[in-house]
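# Summary of the model geometry
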Amino acid sequence: MNRFLIICKQFWPMSGETELLAGAFVDQLGRKSRTLDLVTWRMIRQWPEQFQYGSCSVIRLPQSQKSSWSPAALGYHGRNRWHRSLQRWVTSHASRYDAAFVFEFDDDGLAPTVIACRAGLPAVSRILQKQAGGISRMTTRELRGLQKYPVAFVTPDQRMLMDPLTDQNGPLQGIRLIADGVPRTSGVLNQEAARAVLGRVHPIFQLSDGALLAVSGCDLTFESGVFSLVRAWRRVSAQHPDARLWLTGSGRNAPELFQRICDLDLQHSVLLTGNFDDVSDLLAAADVYIMPGSGESAGWYSGMAGQLGLTVIHHRDSSVAESSAARVNSILFDDDSRPIDLVVSRWASATRSRSPDQRPVPNPADGPPPSISTMVDQYLALLERPRVKR
């Protein structure tokens, strides 16, 4: 198999964990001399319909002529338009490819995977635990129908293996645990140099000497926990006026989040950075990485943060505790005795009181997280299994 279709609803220049992972996956797969096309959603009308991402051709499905698509329009009707456009395109072009890799998103259920399979393409579909709700809302007929197709389901989240969807009679039975690959951080700038570089990019990234910096790459949605994080930052900002919280990426509730930041008078302390296609300098400049949601999976950001020796603050029910990349200095919060506002505030006070050379360092005994190359090889191996062959 040498001709692959990648389906990823959101892609460059978006910089959520799935988008960044898909970009690295495409780059690594191209280095293995595979022919690649990636189909995605043209979220903004002014974006070109096609461009090259390394050796991969990226096709953005055109917008509806009757309405304007945008990140804020990811509701029921926008989702159905995306599915209809994807079905038409994949059905028309399936003969070009040997197989498909599908990066599923929260609100899609398994629709892109179903579309690829019905077009006759063997598929490997990556699913996160937080997507289980969307999958459960699919019809029984759709879910059971998947079992007759050549498809392999994978997840980086061990909690997904405990979901009823994956049991012996579930539609995702036989799902495999494959950790997301994480880029190596060798050659990344030190904190002082990274802050200097970002400060030259734009004045909004300039920090005062010794200022605390927290970074979060969670989706900017109501469900991700980012609103709770912003609310918790009020205490930090009051105690340490020069401390900053940078929220990178995008999400359908970004406008509401910005309004909440303004309502709390935190617009000088909390910054929506927009999208970065390389987040290494952003993390190198930080003192802590925060995952505010209990449903989040250990992935791209936490893996890189762990390699850089950052403290990782996360919910006790997230899967970060199981990630070797994030064992360096992990601080837990919960919904009861250790709420996020208390934990973040205590972290800020403790960090401010230590000297600059006391920053945690990675523990070599934990070993590095899996590489992108390892992940790609594991995905390719699944296509050679009898049930996934044509």
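Description of the structure in this document. (Residues numbered from 1 in each chain as written. Predicted model: local features only at pLDDT ≥ 70, side-chain atom pairs only at ≥ 80, totals over all residues. Heavy atoms only, no water.)

## A short note on the pattern of salt bridges
Stated formally: What counts as a salt bridge is simple: a side-chain nitrogen of Lys or Arg found within 4 Å of a carboxyl oxygen of Asp or Glu. Numbered from the N terminus, helices here are DSSP runs of H or I no shorter than four residues, and strands are runs of E no shorter than two. Burial classification: accessible surface area is computed with a 1.4 Å probe over protein chains only, and a residue below 20% of its type maximum counts as buried, one above 50% as exposed, and the rest as partly exposed.
For the structure shown, the criterion picks out 9 salt bridges. Two residues, R31 and D27, come together in a salt bridge whose shortest N-O distance is 3.1 Å. Taken together, the positions of R31 and D27, both in helix α1 (residues 17-31) and 4 residues apart, correspond to about one turn of that helix. In this structure R31 comes out as exposed when scored by relative accessible area, which is 62%. Judged by relative accessible area, D27 falls into the partly exposed class, the value being 37%. Residues R235 and D341 are paired through a salt bridge, measuring 3.9 Å at the closest nitrogen-oxygen approach. Taken together, the residues span a long stretch of sequence, with R235 in helix α7 (residues 226-239) and D341 in helix α11 (residues 340-353) at a distance of 106 residues.

## Side note on the packing of α1 against helix α12 (residues 372-383)
Note the threshold: For every element, the axis is a line fit to its C-alpha atoms; helices are fit only across the contacting stretch, and the angle between N-to-C directions ranges from 0 to 180 degrees. The labels follow the angle: roughly parallel below 35 degrees, roughly antiparallel above 145, roughly perpendicular from 65 to 115, and oblique for the rest. In this analysis, two residues are considered to be in contact whenever any of their non-hydrogen atoms come within 4.5 Å of each other. Each residue gets one of three labels, nonpolar for Ala, Val, Leu, Ile, Met, Phe, Trp, Tyr, Cys and Pro, charged for Asp, Glu, Lys and Arg, and polar for the others, Gly among them.
One way to put it is that α1 packs onto α12 with a least axis distance of 9 Å and a crossing angle of 75°. Relative to α12, the element α1 lies roughly perpendicular. Contact residues: α1 offers L21, A24, F25, Q28 and L29, while α12 offers I372, S373, M375, V376, Y379 and L380. Residue classes in the contact of α1 with α12 are distributed as 9 nonpolar, 2 polar and no charged.

## Some details on the side chain of R195
Within the secondary structure, R195 sits in helix α6 (residues 191-201). By relative accessible area, which is 15% here, R195 ends up buried. Other than its neighbours up to four places away in sequence, R195 contacts L207, A211, L212, L213, A285 and D287.

## Brief notes about the sheet that holds strand β11 (residues 270-274)
Formally: For two strands to be treated as a pair, DSSP must find no fewer than two bridges joining them.
Taking strand neighbours across the sheet as the criterion, the 6 strands line up as β11-β10-β9-β12-β13-β14 in an open arrangement whose pairing is parallel. Of all strands in the sheet, those with a lone pairing partner are β11 and β14 (330-333), marking the two edges. Put simply, the sheet's adjacent strands are angled 25° from each other on average, direction ignored. Pairing of strand β12 (residues 288-291) with strand β13 (residues 311-315) involves 4 bridges; the strand directions are parallel. Bridge assignment links I290 to a residue of β13, and that residue is I313. Strand contacts of helix α10 (residues 300-307): β10 (244-248), β12 and β13, with the helix running at about 155° to β12, the strand carrying the most contacts.

## Overview of unusual backbone geometry
The peptide bond linking W12 to P13 adopts the cis configuration, its omega dihedral lying at 10°. Among the structural elements, P13 can be located in the loop between β1 (3-8) and α1. Here the phi dihedral of S33 falls at roughly 60°; this positive angle occurs in a residue that is not glycine. Here S33 lies in the loop between α1 and β2 (35-41). Phi angles above zero are rare outside glycine, and D265 is one such case at about 60°. In this fold, D265 is placed in the loop between α8 (254-263) and β11.

## Some points on the sheet that holds strand β7 (residues 151-155)
The strands that make up a sheet are held in pairs by hydrogen bonds between backbone atoms, and each pair lies either parallel or antiparallel. The sheet built from 8 strands is open, its strands ordered β3-β4-β2-β1-β5-β6-β7-β8 with mixed pairing. Of all the strands in the sheet, just β3 (50-53) and β8 (176-177) have a single pairing partner and so form its edges. Both strand β6 (residues 123-126) and β7 contribute to a ladder of 4 bridges, which runs parallel. Note on β7: the bridge partner recorded for R126 is V154. α1 rests against β1, β2, β3, β4 (56-61), β5 (99-103) and β6 of the sheet, and its axis sits at about 155° to β5.

## Comments concerning the packing of α1 against α10
Running from N to C, α1 and α10 cross one another at 80°; their axes reach a closest spacing of 8 Å. On the basis of the axis angle, α1 is roughly perpendicular to α10. Within the contact between the two elements, α1 uses E17, L20, L21 and A24 and α10 uses W300, Y301 and S302. Of the residues assigned to the contact of α1 with α10, the class counts are 5 nonpolar, 1 polar and 1 charged.

## Quick look at the pairing of β2
How we decide: A crossover counts as right-handed when, viewed with the strands pointing away from the observer, the path leading from the first strand over the helix to the second turns clockwise.
Where burial is concerned, most of β2 is hidden: 6 out of the 7 residues are buried. Sheet topology places β1 next to β2; 5 bridges connect them, and they run parallel. Paired with I7 across the bridge in β2 is V39. Taken together, β1, α1 and β2 form a β-α-β motif whose crossover is right-handed.

## Examining α6
Basically, it comes down to this: Each direction from the helix axis to a C-beta atom contributes to the arc, which is the arc of those directions.
Residues A194, R195, L198 and G199 constitute the buried set of α6. All buried residues of α6 project into a common sector of 135° when viewed along the axis, lining one side. The outward face of α6, more than 90 degrees from its buried face, is lined by the exposed residues E192 and R200.

## A word on α1
Inclusion rule: Between the first and last residue of a helix there are one fewer steps than residues, each counted as 1.5 Å, and that sum is the expected span.
Its 15 residues place the ends of α1 21 Å apart at the C-alpha level, agreeing with the 21 Å of an ideal helix rising 1.5 Å per residue. Of all 15 residues in α1, 13 are buried; the element is thus mostly enclosed. Once α1 finishes, S33 follows within two positions and takes phi at roughly 60°, a positive value.

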